[in-house]
Amino acid sequence: MRASLRLLFVSKDLSLVKRYVQRQLAKVMAGRVPLRDFIFAKEVRLGTYSTTAGATLPPAVVVASKALAADPRMEPKNGERVRY
């Protein structure tokens with residue numbers, strides 16, 4: 001994403017940006033990009049998030065809660081990074 005924006009601001013040519021993005025997406029579709037490039041990991045502190053109506057939990061907390069429901073031993077330590 002950063003490279004495509006840089007290309008846009010340097011060249012000011014949208015067709016170059018389009019070709020660049022298409023090449024990058026072709027790499028993704030061909031499986032030539034490592035899966036870890038698409039995985040986020042955030043720090044989780046269970047029990048510290050708001051439980052009021054309308055409050056949404058961060059995605060890492062949702063993943064950690066589902067893992068905990070499936071196996072109680074999967075509880076992340078306070079401050080541990082959870083991948084999603």
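### Section: the overall build of the protein chain
Helix and strand counts for the protein chain stand at three helices and two strands. Each helix and strand of the protein chain, placed in order from N terminus to C terminus, yields the pattern α-α-β-α-β. A globule of 84 residues ought to have a C-alpha radius of gyration of about 12 Å, yet the protein chain, at 19 Å, is considerably larger. Along the longest, intermediate and shortest principal axes, the C-alpha atoms of the protein chain span 50 × 30 × 20 Å. A total of 84 residues make up the protein chain; the buried ones form 10% of that total. Within the protein chain, contacts between residues at least 6 apart in sequence are counted, and of these 45% link residues at least 24 apart. A total of about 7200 Å² of accessible surface is found on the protein chain, and carbon and sulfur atoms cover 60% of it. In the protein chain, which carries 16 positive and 6 negative side-chain charges, the distance between the mean positions of the two groups comes to 11 Å.

### Some details on the pattern of salt bridges
All chains considered together, the criterion is met by two salt bridges. Residue arginine 45 pairs with glutamate 43 through a salt bridge whose shortest N-O separation is 2.7 Å. Judged by its relative accessible area of 37%, arginine 45 falls in the partly exposed class. Across the pair aspartate 71 and arginine 73 runs a salt bridge, and its minimum N-O distance is 3.2 Å. The class of aspartate 71 is partly exposed, set by a relative accessible area of 21%.

### Re a nonpolar patch on the surface
Together, Val28, Met29, Leu35, Phe38 and Ile39 line one region of the surface with nonpolar side chains, adding up to about 530 Å² of accessible area. For phenylalanine 38, the position within the fold is in the loop between α2 (14-30) and β1 (41-43). On the basis of relative accessible area, phenylalanine 38 is assigned to the partly exposed category, the value being 45%.

Reading guide: rules and limits
Residues numbered from 1 in each chain as written. Predicted model: local features only at pLDDT ≥ 70, side-chain atom pairs only at ≥ 80, totals over all residues. Heavy atoms only, no water. Helix = DSSP H or I, 4+ residues; strand = E, 2+ residues; numbered from the N terminus. Rg over C-alpha atoms; globule rule 2.2 N^0.38 Å. Buried < 20%, exposed > 50% of the residue type's maximum accessible area, 1.4 Å probe, protein only. Contact = heavy atoms within 4.5 Å. Areas by Shrake-Rupley, 256 points an atom, 1.4 Å probe, with all protein chains shown as cover. Lys, Arg positive; Asp, Glu negative; His and termini not counted. Charge placed at Lys NZ, Arg CZ, Asp CG, Glu CD. Salt bridge = Lys/Arg side-chain N within 4 Å of Asp/Glu carboxyl O. Patch = residues over 30% accessible without salt bridge, like charges linked within 9 Å, V, L, I, M, F, W, Y side chains within 5 Å.

Just geometry here; none of it tells us what the structure is for.
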